[in-house]
Amino acid sequence: MNSDGTQDARGTHANPVPRPTTPPEPPATRPDLPPPPAAPPVGQSAPTGPTGPTGQSAPTGHAAGRPGRPAVPPPPGRAPGTPPPPAAAPAAAPPSAVADWLDAPRPEARPGIWRHGYRLPKGANAPERLATVTVVGMLVPLVAALVLWSLWRRGSLPYQFSVLRLFTPDDWWWGGTIASPRTMDGAEARVVYDGVFFAVLLYAMGRLGSWPDTVRHLVGRRPQPARALLAALAALVTLSFVFPDAFGVGWNALPVVDPLFSLVVLFSGGYELFASPLFTDSLYTVITLLVLWPFARLGGWLPYAKERLAARKAAAAPSAPRPVARPRSQWPALRDAGQEEAADLLTAEVAGGRMNDVDCARIDHAFATARRDAGLAAFRDTVLRQGGAAWTHPSGARDLPRRSARHDLLADQVRIGRWVAAGRSPLPYHDAGAALGPEVLGTSLLAVGPSGSGKTRTLVEPVTEALALQALTGACAVVAVSAPGARLGSDAAFDVVVRIGDPASGYDLDPYAESDDPDEAAAILAEALVGDLDAVGAQGAATALAQLLGPYRAVHGRFPTLPVLRELLEGEPTAVSALREALAGHEVMRRELEARVRQTGVPGDAGRALADRLALLDRPAFADFFGGGGAQRPFSLRSVAHHPLRVRVDLPERGHEEAGRLLTRLVLAQFHAVVRQGRRAHFACLVLDDATGAITPESVRRVQRLRSQNAGVLLTLRTIGDVPEALHGPLYGAVGCRMAFSGVTTWDGNRFAQAWGTEWVETTEVAKHTVFADQPMTRAIHALRKLVTGKAVTTDAVTVRQVERERWSASQLAHEVPPGHAVLSLTTVTGEHAPPLLVDLRG
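Here's a quick rundown of the structure.

The rules behind these values
- Residues numbered from 1 in each chain as written.
- Predicted model: local features only at pLDDT ≥ 70, side-chain atom pairs only at ≥ 80, totals over all residues.
- Heavy atoms only, no water.
- Phe/Tyr/Trp six-rings, centres within 6.5 Å; stacked < 30°, edge-to-face > 60°.
- Helix = DSSP H or I, 4+ residues; strand = E, 2+ residues; numbered from the N terminus.
- Buried < 20%, exposed > 50% of the residue type's maximum accessible area, 1.4 Å probe, protein only.
- Core = buried A, V, L, I, M, F, W, Y, C linked by side-chain atoms within 4.5 Å.
- Contact = heavy atoms within 4.5 Å.
- Salt bridge = Lys/Arg side-chain N within 4 Å of Asp/Glu carboxyl O.
- Axes fitted to C-alpha atoms, helices over the stretch in contact; angles between N-to-C directions.
- Parallel < 35°, antiparallel > 145°, perpendicular 65-115°, else oblique.
- Left-handed = near helix turned anticlockwise from the far one by under 90°.
- Nonpolar A, V, L, I, M, F, W, Y, C, P; charged D, E, K, R; others polar.
- Patch = residues over 30% accessible without salt bridge, like charges linked within 9 Å, V, L, I, M, F, W, Y side chains within 5 Å.
- Areas by Shrake-Rupley, 256 points an atom, 1.4 Å probe, with all protein chains shown as cover.
- Pairing = 2+ DSSP bridges.
- Expected span 1.5 Å × (residues − 1).

Before going further, it helps to examine the packing of aromatic side chains. The full count for this structure, using the stated rule, is 15 aromatic pairs. Ring geometry for W149 and F198: centres 5.4 Å apart, planes at 65°, overall edge-to-face. Here W149 is found in helix α2 (residues 132–154), whereas its partner F198 is found in helix α4 (residues 184–208), with 49 residues between them in sequence. The burial state of W149 is the same as that of F198; both residues are buried.

Pasting the structure below:
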C-alpha cells in the first residue's frame, strides 16, 4: 500500500490513487520519548496550519529530524468502537484502553450478533427438558412390554406356539399337546423361540417409545467425562441383567445367553462344543462385547480414550513446551509465526497508547496478507521500521474525524441496535447487539421504509462509517451515493467527494468509467440512460451507442463528451459529417457509423430515447462535469477495484431529481462493471441512500453475481412501489439480507412476508363442550352448579397440532413494528441464515 500511486510521478501510475478532497496536514514523526501529549477534547476539529494529523504541533528537535514515519495519533480518549462523549468531556484515557479492546472476548456467534464481549444468555446452553408427553410416551410401551412378557412366560397368549410348531418337526413334541418338548431339540427350540420373541418385543417397544432418542438426549449431549461415565453405568446395569450370577444378584437372567447357547446346540447337534473352555469363554466374550457396543457408541468411549492418551503423551514429553496463552494485545499470532521482535514492538506501541483500533486492524490485515503470500520477512522489516504506522492508508489518515456508531474492526462489525427478546427470537439473539459486516453485506441488503423511519440515520450512516474505517485498514473500498440534500458523513472522512453540479467540487465523474472498450462503455451508458424504460431494449441501446463511441474513439483517441454524443445520437448533420470525414481510412468504423446513420429516425430507433435522457445531463448546471473541461479532476470508479478508497457521490439538488436517478443508475452500472474484473483482495461495497429509479432488470441480475465477486450493495427504498412490479420478486430473491422498517404499508409487507416464507409452529386449541348428564342425580347436581356459578358444566378438549404460518405477516409488519424498530433477516456469504427478527435500532 506504500506505493499504490502515492509516491509515483503524477500521471505515470497505471491506476493512480486520487488525493483527498481536503488537503491533508503535513505528517509529523513519531516521538519515541517522551510519550505523546494529551489529545484535544473529543468533538473538536483538528486545527489547520503546521500541525500533525491529530491537531498537535509538529515535534521539534531530534524527534523532528527523523523522517519517514507519519504522525502517531494521541492516546484514545475512549474505548475503540464507542461513540464519542460530549464535546466538554476530556479525551484522556488510560494507556491500556486499546489493549483492553484487543483482549476482549469475541466468541463465534450466529449471523448478525455483535461479537465484542458477547455472552450467551442464561439458559441458552441449558439442556432441553423432556416434555411430559415424551416421558409418558416412553413409559407406556415399557409397561406394555412387561405385561406382554409376563403373559408370554406363562403361556397365556393365544396362538403363542403356532409359529414354533409350524417351523419345527412334529416328532420334537408330544402328541396332543401345544408345545411340550419330547426331545432335547424341542427343549432347545423352545428356549430359542423365547429369545426371538424377547428381541422382537424389545425392538418394537423401543421404537414405539423412542427409547434410543431419549437416551441420546439424556446422555449423548453431556460433556466428557460425564457422558462416558453415565454410559458405563448403564452398561453395568445391563450386564447385571444379562449375567446376574457374575454380579451376585438374585434375579433371573434376560433371555440373551441361553437362546444363543441353545441355537449352537441345535446347529451342532449336541453339547460336545461346550466341553471346550476356549469355545465357551469366547462365546461369553462375544456376548459381552455385543452388549457393550451400543453403550460405547453412546458414551464416545473410543474418541475420549484417544483424547486422554494424547493429552497424557503431551504431558509426559520432556521437550514439548507447554503453549502459553497470551492475550491478543501481545500479538500471539505473530509470535507463533516466529516474529518475536515485531510482536514485542507492537506490544509496546499498544501499551504506550501509540496505536488505535484502526492501526491494530490494519496491521492484523497486513499480517494475514503477508502470511498468505509468504512475505513474512518484508512484514517484519516494515513493522520494525515504521511501528504502528506501518501500511498507513495512502491518504495518511489513521482514523475518522468523528464516529457516531460503535465499531469492532477486528470482527469487521458495526453495531446498529439490539435484537429484541421476543417470543419468536431464538435464545442466542435475546438482547444481543445487532451488527452488520462484510460477511452479510457481501450478499447485498435491501431496506424498505417510509420517510422519517430512520433508514439513513440508523442504517446507512453507520454502515458507511464502518466501511470507511475498514478502508483505512486496507480491507475495504466504499462508494456512497448520498440522497439529494443529505450528505453521508463529513468531507474529511472520504478520499474522493464528487458533487455533481457544484462548481466547488474537487472531482468530476468519468461517465465511461475509464474504459477503453467501446462495447463496455456503451453497455454502461445504455444501462444508465434507458435501463428503466420498457419500450427501449437494453441491447439495442447499447448497440446504438457502440456504433458512435467506436468510430469517435478511433478518430480522437477518446470517447466524446456528453453534448457531442447527444448531437451524434440526434443525427446532427454537422457533427455526423465531421466524424464521417475524419474516418477516412477506417473502413470498419465507417461502416459502423453508416449503420447508425441509417437507423436514425426510423421507428424503434433507440437513439431518440438516448438523446432525450442525455439532455437531462446536458444542462448548464453540469456544463463543467462529465469531461466538460471544468477545473475538477476526473475520477473513475475503476479505482475502487484497485485501491481501498473512500468515495462519496453527492447527487444534484433543486429540480434535478430525474438527473439524480440517472446518475444513480450510472454509478450502479459502473460499480457492477468494475468489480467483476480480475481478482481483488479487498471487499467493495456500494451504498445507495436512495435507490429509487435505480433498480432495472439488468441491475437485479448483476446483484446476484456480486457475492462471488467479493462485493455487495446496500439499497434503500421508501416503498417497493418505486420498483417496477415485475422486478419485485427477482429483487427480493437477489439480495440475501432484507430489512423492513417501522411504518411500511401492507402492500410492502406482503412482499417481505412472501420472501421470508413460512415456518411450522405448534398451536394449542382448547374447545369447551357442554356436559349432558343421563342420571337424575347428576342432572340435579349440574343444575345446582349452574344456578350457583351461572355457567353450564363443560369439559375441555385440548388439541395440539403443527401448523404452517408466515414468519411475519403483512399485517404484523404494518401494525406491530414499533417506531425506531425494524425486522431484519440476514444471510452470510457462506450460506448461514438469521431468521427475520425484530431489532431495536435505538438500543
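Turning our eyes to something else, we now look at the nonpolar core. Judged by nonpolar contacts, the single largest core of 96 residues is most densely connected at I500, L565, F635, F671, L686, L731 and L813. When residues of this core are assigned to their parent elements, the largest contribution, 11 residues, is made by helix α23 (residues 657–675). Contacts of F671, omitting those with residues within four sequence positions, involve L637, A684, C685, L686, L706, A711, G712 and V713. Judged by nonpolar contacts, the second largest core, of 37 residues, contains I113, A405, L826 and L841.

What follows covers the environment of R779. Position of R779 relative to the elements: it lies in helix α27 (residues 776–789). If near-sequence neighbours (up to four positions away) are discounted, R779 is found in contact with A773 and D774.

Applying the stated criterion to the full structure yields 33 salt bridges. R596 is the salt-bridge partner of D605, the closest N and O atoms lying 2.4 Å from each other. For D605, a relative accessible area of 16% puts it in the buried group. One network of salt bridges, with partners in common, ties together R487, D491, R499, R648 and D650.

Between α4 and helix α8 (residues 257–268), whose axes approach to 8 Å, the crossing angle comes to 140°. Classed by the angle they form, the pair α4 and α8 counts as oblique. Taken as a pair, α4 and α8 cross one another with a handedness that is left-handed. In contact with M184, D185, E188, A189, V191, V192 and G195 of α4, α8 contributes D258, P259, S262, L263, V265 and L266. Of the residues in the contact of α4 with α8, the class split is 8 nonpolar, 2 polar and 3 charged.

The subject of this paragraph is a nonpolar patch on the surface. A surface patch of nonpolar side chains, about 560 Å² in accessible area, is lined by L230, L233, V237, F241, W251, L254 and V256. One can find V237 in helix α6 (residues 226–242).

What follows covers the environment of E570. Tracing the backbone shows E570 in helix α19 (residues 562–570). Taking the relative accessible area as the measure of exposure, E570 reaches 29% and is therefore partly exposed. C-alpha separation for the pair E570 and L610, spaced 40 residues apart in sequence, amounts to 8.9 Å. Setting aside chain neighbours within four positions, we find E570 in contact with T600, R608 and A611.

This brings us to the pairing of strand β15 (residues 821–827). Extensive coverage of β15 is indicated by the burial of 7 of its 7 residues. Where burial is concerned, the two faces of β15 agree: the one with H821, V823, S825 and T827 and the one with A822, L824 and L826 are both buried. Sheet topology note: the β15/strand β16 (residues 833–840) ladder contains 6 bridges and is antiparallel. Bridge pairing links L824 to L837 in β16. The antiparallel pairing of β15 with β16 creates a hairpin that spans 5 residues between the two strands, and G831 there sits at a positive phi of about 100°.

Following the sequence through the fold, H116 ends up in the loop between α1 (97–103) and α2. C-alpha of H116 to C-alpha of G433: the two residues are 317 residues apart in sequence and 9.1 Å apart in space. Discounting residues that sit within four places of it in the chain, H116 has contacts with W101, A104, P105, R106, R406 and D408.

What follows is about helix α18 (residues 538–556). End to end, α18 covers 26 Å across 19 residues, agreeing with the expected 27 Å (1.5 Å per residue, within 8%). Restricting attention to buried positions, one finds in α18 the residues A541, A542, A544, L545, A546, Q547, L548, L549, G550, P551 and Y552. In this structure, the buried residues of α18 make contact with α17 (518–530), α19, α20 (573–582), α21 (587–599) and α22 (607–614). One or two positions beyond α18, positive phi appears at G557, with a value near 75°.

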